[in-house]
Amino acid sequence: MTALPAKTEKKLGLVIDLDTCVGCQACVTSCKEWNTGGYSAPLSDQNPYGADPHGTWLNRVHSYEVGDGADSQAVHFPRSCLHCEEPDCVTVCPTGASYKRAEDGIVLVNPDTCIGCKLCSWACPYGAREYDYKVGVMRKCTLCVDRIYNENLPEEDRIPACVRACPTGARHFGDIGDPDSDVSKLVAEREGYDLMPDMGYKPTNKYLPPRPKRKGDGAARNVLSETSQRSQTPGSAMDRLFAWADQQLSR
Amino acid sequence: MHPAYSVIFFTTASGAGYGMLTLLALGILFGWFPRDMTFGLVTFGLALGLITAGLISSSAHLGRPERAWRAFSQWRTSWLSREGVMAVATYVPSGLLALSWIFAEEAGQTANGQEKFLSVFAIAGALVTLYCTGMIYASLRTIRHWNLGIVPINYVVFGLMTGAVLFSFILHLFGLRSDGYSWITAVLLATGLALKVIYWMNVDAAKPISTAEDATGLGHLGKVRQFEVAHTQKNFVMREMGYEIARKHVLRLRNLTYILAFGLPLAGTLLTILGGTVLSIFGTFFALVTIAIGIFVERWLFFAEAEHVVNVYYGAEAA
């Protein structure tokens, strides 16, 4: 059913720390690795060794430059399904293949009933859904529903593959609906936020902003430039000798 | 948005089919033309044929067309499902009306009570289906070019307008010249033109839904620019939602739409009303040819011009 549950028992989701993400793409590849061998058909790639390779991936990491000049910084930005509370991707689905689970809030696509009309991907503002050109159905992050409840796996592996793979601990998994959970505390402490809150989709996943830069970061840059300036004006006899040698050799 | 030919053909062909069906059923309801088997076969055949060809074409857009029947189930929330349900439901009154009108023994032009009843339902079904098609697009909050109240109205009027031009041509082929019908056609074309002008005024006035700063939540740190793309080649999201068309082409294509989809068909229709028999037939034919090209350009542009908000993650400053 594409009608949304009035309330979900849990709000399972991810908390992504933009301060510690280094953009290594480990979460991207581990996501692809797990889900291409998961419960459904493989996540296909098109023309993988040709001139225009592309394929279905459920997690992408962008890199943005934020701010100007000396104050600018690079922010690596992982982007996957946010498992929204009010997602239009579910309600627009004509077949009921897209649904939101009442028990944990995970948004899923049933690959056996999806007709591949792609309307859900049009309804998602976050670009979370990717069409599988080979299988002809829509794919999306499952929050590794086949890992998190899987008793065949050791307990430490019962978390989404992307969270397990992250080498810097920038991804956290848990119940964001429970105010006492570790992820909720983290969100409260670090002032986690929603993406595009004005869209009204009420995303479950939260993002933690980069921490403010320490004072003196800019000063370090000034020291560097001073050093380089000083080396241009010869000081000691040795410096002058090298400057003379440089001049002669540069002729 | 990527303009898929299957969807362009579906919306334009089915639109004209439902428009023609509406005018045909109106004529039967009010007895505007005599009952004639050949005329009935051609007109109902054309209207229902266009609708069916469009619907088949739309399934070409699907990844798994063999599962298309599943799309009738979620009419409670999905406009696409509602459209599918209404499209199939409309076949019932229109099919029965066609059978009755074409094969009935009784001579004379007036419809019997049963046919009038079916006509009303065929008209209602056609108009509601067109409205549902428009709402598939208008209900998407992610695309400011589509998320407008005028969009479903345009789908209804453009369907009626193209159907009227086609029907007018068929009437003339059968020597059933009717200035009343031509006037209806002219009024629909003029209304369509006005609606398209208002639509583009709305589009140009619509503020972007989001910015790169808002979408990443990093605006408090400064301007957000794409530094490194997330993948080397375009992915599905960029192929489907990242379709871009240069601003100068948009303005040219808008003018072309005004001329081909509205201006020239209107001129042809006025020629039909004012001219003698030969000029009149030429006028309907001219209107038909120009609107066929014009409505294709209009629909292509409807998709190509539409910007999806997701592009703010892919380097667009705002969308």
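These numbers were taken from a predicted model, which means no experiment stands behind them. (Residues numbered from 1 in each chain as written. Chains lettered and ligands numbered in written order. Predicted model: local features only at pLDDT ≥ 70, side-chain atom pairs only at ≥ 80, totals over all residues.)

How do you make sense of the overall build of chain B when you look at a structure like this?
Helix and strand content of chain B: ten helices and one strand. Beginning at the N terminus, the succession of helices and strands in chain B can be written as α-α-α-α-α-α-α-β-α-α-α. The globule rule puts the C-alpha radius of gyration for 319 residues at 20 Å, and the 22 Å found for chain B is close to it. Put simply, chain B has 319 residues, and 50% of those count as buried. Taking the contacts inside chain B whose residues are at least 6 apart along the sequence as the reference set, 77% of them involve residues at least 24 apart. (Helix = DSSP H or I, 4+ residues; strand = E, 2+ residues; numbered from the N terminus. Rg over C-alpha atoms; globule rule 2.2 N^0.38 Å. Buried ≥ 20, exposed ≤ 12 C-beta atoms within 10 Å, placed from the backbone. Contact = placed C-beta atoms within 7 Å.)

Got a minute to help me understand the domain arrangement of chain B in this structure?
Many analyses report the size of an interface as the accessible area lost when the parts associate. Residue and element names in this part refer to chain B. What the domain assignment lists for chain B is domain 1 (1-139) and domain 2 (178-319). The centre of domain 1, based on its C-alpha atoms, is set 25 Å off from the matching centre of domain 2. Contact residues are listed per partner, giving seven residues for domain 1 and 13 residues for domain 2. In terms of residue class, the side of domain 1 that touches domain 2 is built from four nonpolar, three polar and no charged. (Domains from an automatic or database assignment. Nonpolar A, V, L, I, M, F, W, Y, C, P; charged D, E, K, R; others polar.)

Help me out: how do you make sense of the confidence of the model for chain B in this one?
The predicted coordinates should not be examined in detail at positions where pLDDT is low. When pLDDT is averaged along chain B, the result is 94; 99% of the residues meet or exceed 70. Listed scores for the predicted complex are pTM 0.90 and ipTM 0.94. (pLDDT = per-residue confidence, 0-100.)

Please clarify how helix H5 (residues 150-173) of chain B should be interpreted in this entry.
An α-helix turns once every 3.6 residues. As a result, residues three or four positions apart point the same way. All names here are of chain B. The end-to-end C-alpha distance of H5 is 35 Å, a good match for the 34 Å that 24 residues give at a rise of 1.5 Å each. With 20 of 24 residues buried, H5 lies mostly within the body of the structure. Just downstream of H5 lies Gly175, where phi reads positive at about 65°. (Expected span 1.5 Å × (residues − 1).)

Which parts of the structure should I look at to understand the sheet that holds strand S4 (residues 59-66) of chain A?
In sheet architecture, strand pairing relies on hydrogen bonds along the backbone and comes in two forms, parallel and antiparallel. Taken in spatial order, the three strands line up as S5(A)-S4(A)-S1(B) in an open sheet, and their pairing is antiparallel. Where the open sheet ends on each side, the last strands, each with one partner, are strand S5 (73-80) of chain A together with strand S1 (224-228) of chain B. When strand polarity is set aside, the average angle formed by the axes of neighbouring strands in this sheet is 40°. Taken together, the four bridges between S4 of chain A and S1 of chain B define a ladder with antiparallel strand orientation. Bridging across to S1 of chain B, Glu65 of chain A finds its partner in Arg225 of chain B. Seen against the sheet, helix H1 (residues 26-36) of chain A touches S4 and S5 of chain A and runs at an angle of roughly 165° to S4 of chain A. (Pairing = 2+ DSSP bridges. Axes fitted to C-alpha atoms, helices over the stretch in contact; angles between N-to-C directions.)

Could you clarify how one ought to interpret the interface of chain A and chain B in this entry?
Each partner contributes to the interface: chain A provides 52 residues, whereas chain B provides 44 residues. Contributions of two or more residues to the side of chain A that touches chain B are made by S4, S5, helix H2 (88-91), helix H3 (119-123) and strand S8 (130-132) of chain A. At seven residues, S4 of chain A tops the list of elements feeding residues into the side of chain A that touches chain B. Residues of the side of chain A that touches chain B, tallied by class, amount to 28 nonpolar, 15 polar and nine charged.

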